Amino acid sequence: MMARKEVKCRYCGELVLKSEAKIEIYQTKKTKQNRYFHHECYPKYLESQKERREFDELYQYVKKEIMRYDDNQLLPNYFVHKLQALKVGDFIVKRDSKVTGVNNGYPFPVILMTFKFKKNDIIYAISDRAKFKNEKAMIDYIMAIISNSINDVYLKMKEREQSNKRIENVEVTAV
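All figures in this text were calculated on a predicted structure; none of them were measured in a lab.

## What about the pairing of strand β4 (residues 32–37)?
For a regular strand, side chains alternate in direction, first toward one face of the sheet and then toward the other. Of the pairings in the sheet, the one linking strand β3 (residues 22–27) to β4 comprises 6 bridges and is antiparallel in character. Paired with glutamate 24 across the strands is arginine 35, a residue of β4. Linking two consecutive strands that pair antiparallel, namely β3 and β4, is a turn of 4 residues.

Here is the structure:
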């Protein structure tokens, strides 16, 4: 009798029978690899990959367009944590005291759109870097601009989404 081959699920790390696993073929420049998943883990994995791409887009925009860093520079960890805090709904107010905002926070596309919407205001505000005692103070100022505007941008995006749904639902009738 043959032994049943088990492999590790790429998402949860638990073992899954190779014969029952969802297989994703991952192509690199040189090789092709199989990635194995439980059937219920695969949609979660795809969602996490989507969220990762959305965060990367936000990160790159803030790095290049707002902070005007070159390719060799990285955003400070402090800034990255602030961006991620908007996603989960935690806003640091004073000296590490956390205030829970929205249960889930805002999706990364909403945060990105807020940065795009407020780009000119932010660039103007940070153009004189001498008025900030350090980069952390400047980041706090940027995040204050974003947190003051993000709800408006979120509501506008929801309105647009609803109007697009209404347009899709309206049947075009010939006159």
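## A closer look at the pattern of salt bridges
Pairs can form between side chains of opposite charge once their charged atoms are near each other. For the structure on display, the rule yields 7 salt bridges. With its nearest N and O atoms 3.8 Å apart, the salt bridge here joins lysine 50 to glutamate 54. Residue lysine 50 and its partner glutamate 54 are located together in helix α1 (residues 41–66), separated by 4 residues, close to a single helical turn. Owing to a relative accessible area of 41%, lysine 50 belongs among the partly exposed residues under this scheme. With a shortest N-O distance of 3.5 Å, aspartate 140 and lysine 82 are connected by a salt bridge. Of the two residues, aspartate 140 sits in helix α5 (residues 135–169) while lysine 82 sits in helix α2 (residues 77–88), which places them 58 residues apart along the sequence. On the basis of relative accessibility, which here comes to 13%, the residue lysine 82 falls in the buried class.

## What about α2?
In an α-helix, one turn spans 3.6 residues, which is why side chains three or four residues apart end up on the same side. A rise of 1.5 Å per residue sets the reference length of α2, with its 12 residues, at 16 Å; its end C-alpha atoms lie 16 Å apart and thus fit the reference within 8%. Looking one or two places after α2, you find glycine 89, whose phi comes out positive at around 95°.

## Examining the nonpolar core
Where a protein is soluble and globular, its nonpolar side chains tend to be buried together. Among the nonpolar cores identified, the biggest contains 30 residues, and Leu58, Met67, Leu75, Phe79, Phe115 and Ile142 are the most heavily contacted of them. Elements represented by at least two residues in this core include exactly α1, α2, α3 (108–117), α4 (119–126) and α5. When residues in this core are grouped by element, the largest group, 7 residues, is from α5. In this structure leucine 75 touches Tyr59, Val62, Lys63, Met67, Tyr69, Val80 and Leu83, once residues within four positions along its chain are discounted. Of all hydrophobic cores here, the second largest spans 5 residues; its members include Cys9, Phe37, Tyr42 and Tyr45.

## Digging into the packing of aromatic side chains
A ring pair, where both rings are aromatic, is described by two values, the distance of the centres and the angle of the planes. Counted under the stated rule, the structure contains 7 aromatic pairs. A connected cluster of aromatic rings, assembled from ring pairs, spans Phe37, Tyr42 and Tyr45. Its end group placed over the ring of tyrosine 42, lysine 22 keeps NZ or CZ at 4.9 Å from the ring centre. A cation sits over an aromatic face here: lysine 87 above phenylalanine 108, 5.8 Å from the ring centre.

Reading the values: the criteria
- Residues numbered from 1 in each chain as written.
- Predicted model: local features only at pLDDT ≥ 70, side-chain atom pairs only at ≥ 80, totals over all residues.
- Heavy atoms only, no water.
- Pairing = 2+ DSSP bridges.
- Helix = DSSP H or I, 4+ residues; strand = E, 2+ residues; numbered from the N terminus.
- Salt bridge = Lys/Arg side-chain N within 4 Å of Asp/Glu carboxyl O.
- Buried < 20%, exposed > 50% of the residue type's maximum accessible area, 1.4 Å probe, protein only.
- Expected span 1.5 Å × (residues − 1).
- Core = buried A, V, L, I, M, F, W, Y, C linked by side-chain atoms within 4.5 Å.
- Contact = heavy atoms within 4.5 Å.
- Phe/Tyr/Trp six-rings, centres within 6.5 Å; stacked < 30°, edge-to-face > 60°.
- Lys NZ or Arg CZ within 6 Å of the ring centre and 35° of its normal.

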